Amino acid sequence: MTEQILTEILDHTLLIRLNRPDKKNALTGAMYNGICDAFDQLEQDSQLRVAVITGTRDCFTAGNDLVDFLDSPGIGGDSPVGRFLRTLPALSKPLVAAVNGAAVGVGTTLLLHCDLVYAAPGAKFQMPFANLGLCPEAGSSLLLPQMVGYRKAAQLLMLCERFGADDAVELGIVNEVLAEKDYLEHALTKAGQLAALPPNSIRTTKQLLRKSNTEQLRTVMELEQQYFTDMLQGAEAKEAFNAFLEKRKPDFSRFR
Ligand code: COA
């Protein structure tokens, strides 16, 4: 497993750390595979009852690595992102997130699949897919409007507005905001509480909570993956990515 994904077993909890601080924990193919390996470990090891996913102290993740995206096969099929997007919603055991700093792109959309999310006051969320000439992914075009309502979802997915930890609680994306020194410990404590409960009851509860959405989510994710993969090769995305790498504002004025 890549050293950019660190795992640790704490009693019955698997702690997964995104660990690429020099690039704001931007996710490469190897990192997606590392997270999926950890998810597989969670599912297969009967001693493990819950996972906590976190970043480094001041950053959750800046989302997909934009350099990786430039020559990426897309987000479907056998690609590492495709594997991640299949594994995440299929987890039978609970996933808890502990977030501080930037949670951008998939850094926010993966939270929509978590069962509990705790944040520090410095957490900042954004889903800038439209800014990048792309479209929503990870089921966010379904899960976000369900969670926050259409109007807010349009604000976050079309205008790509950033929002903070308190807003995220109000929107129902985050359960609670804790002091920076406490947010990870708190997430681990909650994970410990889940781990102490009867495991079959927790798995069945999770399954039932999600059941009514499962088919629709699969359909929406397939559609998102097709559009996203096509758009990744498109001129709008090329302009957005080059602008990011050249540290300038993108210019979309020539597109129709
Ligand atoms: N992919 C690749 N590299 C990234 C990255 C990403 N998604 N996000 C940040 N980095 C790199 C920067 O290029 C920079 O590298 P450098 O030091 O070699 O120049 C380094 O990480 C630090 O980033 P920087 O922008 O200087 O940090 P910041 O604290 O000012 O801002 C963010 C942090 C997350 C707000 C900002 O980096 C950002 O907006 N990143 C892009 C997020 C994004 O669009 N993600 C994709 C969503 S689909």
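Just above sits the structure.
Residues numbered from 1 in each chain as written. Predicted model: local features only at pLDDT ≥ 70, side-chain atom pairs only at ≥ 80, totals over all residues. Heavy atoms only, no water.

**Topic: the packing of aromatic side chains**
For the coordinates displayed, the defined rule picks out seven aromatic pairs. Both rings, one in tyrosine 32 and one in phenylalanine 84, keep their centres 5.3 Å apart while their planes meet at 50°; by these two values the pair is tilted. Taken as a pair, tyrosine 32 in helix α1 (residues 29-44) and phenylalanine 84 in helix α3 (residues 80-90) lie far apart in primary sequence, 52 residues in all. Residue class for tyrosine 32 comes out buried when judged on its relative accessible area of 1%. An aromatic cluster is built from Phe69, Phe129, Phe228 and Phe241, whose rings are joined through pairwise contacts. (Phe/Tyr/Trp six-rings, centres within 6.5 Å; stacked < 30°, edge-to-face > 60°. Helix = DSSP H or I, 4+ residues; strand = E, 2+ residues; numbered from the N terminus. Buried < 20%, exposed > 50% of the residue type's maximum accessible area, 1.4 Å probe, protein only.)

**Description of the site of the ligand**
The immediate surroundings of the ligand are formed by 15 residues, with Lys23, Ala62, Asn64, Leu66 and Lys247 found nearest. In the model, a nitrogen atom of the ligand is placed 2.8 Å from a nitrogen or oxygen of the leucine 66 main chain. Here the ligand has 870 Å² of accessible area as a free molecule, and 66% of this is covered by the chains. Here the residues of the shell around the ligand are counted per class, giving eight nonpolar, two polar and five charged. (Near = heavy atom within 4 Å. Polar contact = N/O pair within 3.5 Å; in protein donor to acceptor, adjacent residues only side chain to side chain. Areas by Shrake-Rupley, 256 points an atom, 1.4 Å probe, with all protein chains shown as cover. Nonpolar A, V, L, I, M, F, W, Y, C, P; charged D, E, K, R; others polar.)

**Digging into the pattern of salt bridges**
Taken as a whole and judged by the stated rule, the model has nine salt bridges. Two residues, aspartate 115 and arginine 210, come together in a salt bridge whose shortest N-O distance is 3.0 Å. With aspartate 115 in the loop between α4 (106-109) and β7 (116-119) and arginine 210 in helix α9 (residues 199-211), this residue pair connects regions lying 95 residues apart in the sequence. Aspartate 115 gets classed as partly exposed once you look at its relative accessible area, which sits at 26%. It is possible to trace a salt-bridge network through shared partners that takes in Asp37, Asp40 and Arg83. (Salt bridge = Lys/Arg side-chain N within 4 Å of Asp/Glu carboxyl O.)

**Points about the nonpolar core**
The tendency in soluble globular proteins is for nonpolar side chains to be buried as a group. With 64 residues, the main nonpolar core has Phe84, Val99 and Phe125 as its most contacted residues. In terms of residue count, the dominant contributor to this core is α1 (seven residues). Each residue touching valine 99, except ones within four places of it in the same chain, is listed here: Phe60, Leu111, Val117, Tyr118, Ala119, Ala120, Ala123, Phe125 and Tyr183. Ranked by size, the runner-up nonpolar core spans 17 residues in total, among them Tyr118, Leu184, Ala195 and Ile202. (Core = buried A, V, L, I, M, F, W, Y, C linked by side-chain atoms within 4.5 Å. Contact = heavy atoms within 4.5 Å.)

**Looking at the sheet that holds strand β9 (residues 163-164)**
With mixed pairing, four strands are arranged side by side in an open sheet as β4-β6-β8-β9. At either end of the open sheet lies a strand with only one pairing partner, and these are β4 (59-61) and β9. Relative to β9, strand β8 (residues 124-126) runs antiparallel, the two being bridged by two bridges. Residue pairing in the sheet places phenylalanine 125 in a bridge with phenylalanine 163 of β9. (Pairing = 2+ DSSP bridges.)

**Quick word on the environment of leucine 18**
Turning to its location among the elements, leucine 18 is positioned in strand β2 (residues 13-18). Note on leucine 18: relative accessible area 1%, which makes it buried. Sequence spacing of leucine 18 and glycine 55 is 37 residues, and the spatial spacing of their C-alpha atoms is 4.6 Å. Setting aside residues up to four positions removed in sequence, leucine 18 forms contacts with Gln4, Ile5, Asn25, Leu27, Ile35, Ile53, Thr54, Gly55, Thr56, Phe60 and Thr61.

**Overview of the sheet that holds strand β10 (residues 176-177)**
In space, the six strands of this open sheet follow the order β1-β2-β3-β5-β7-β10, with mixed pairing throughout. Edge positions in the open sheet fall to β1 (5-10) and β10, since each of these has one partner strand only. Summarising the sheet, β2 and strand β3 (residues 50-54) pair through five bridges and their orientation is parallel. By the bridge assignment, leucine 14 is partnered in β3 with alanine 51. Strands in contact with helix α8 (residues 183-196) are β1, β2, β3, β5 (95-99), β7 and β10; relative to β3, the strand with the most contacts, it is inclined by about 165°. (Axes fitted to C-alpha atoms, helices over the stretch in contact; angles between N-to-C directions.)

**Comments concerning the packing of helix α5 (residues 140-148) against helix α6 (residues 150-157)**
To describe two helices that pack against each other, one gives the angle between their axes and the distance between the axes. One way to put it is that α5 packs onto α6 with a least axis distance of 7 Å and a crossing angle of 130°. What the angle tells us is that α5 and α6 run oblique. By crossing handedness, the relation of α5 to α6 is classed as right-handed. Across the interface between the two elements, Ser140, Ser141, Leu144, Pro145 and Val148 from α5 touch Tyr150, Lys152, Ala153, Leu156 and Leu157 from α6. Its residues assigned to classes, the contact of α5 with α6 comprises seven nonpolar, two polar and one charged. (Parallel < 35°, antiparallel > 145°, perpendicular 65-115°, else oblique. Left-handed = near helix turned anticlockwise from the far one by under 90°.)

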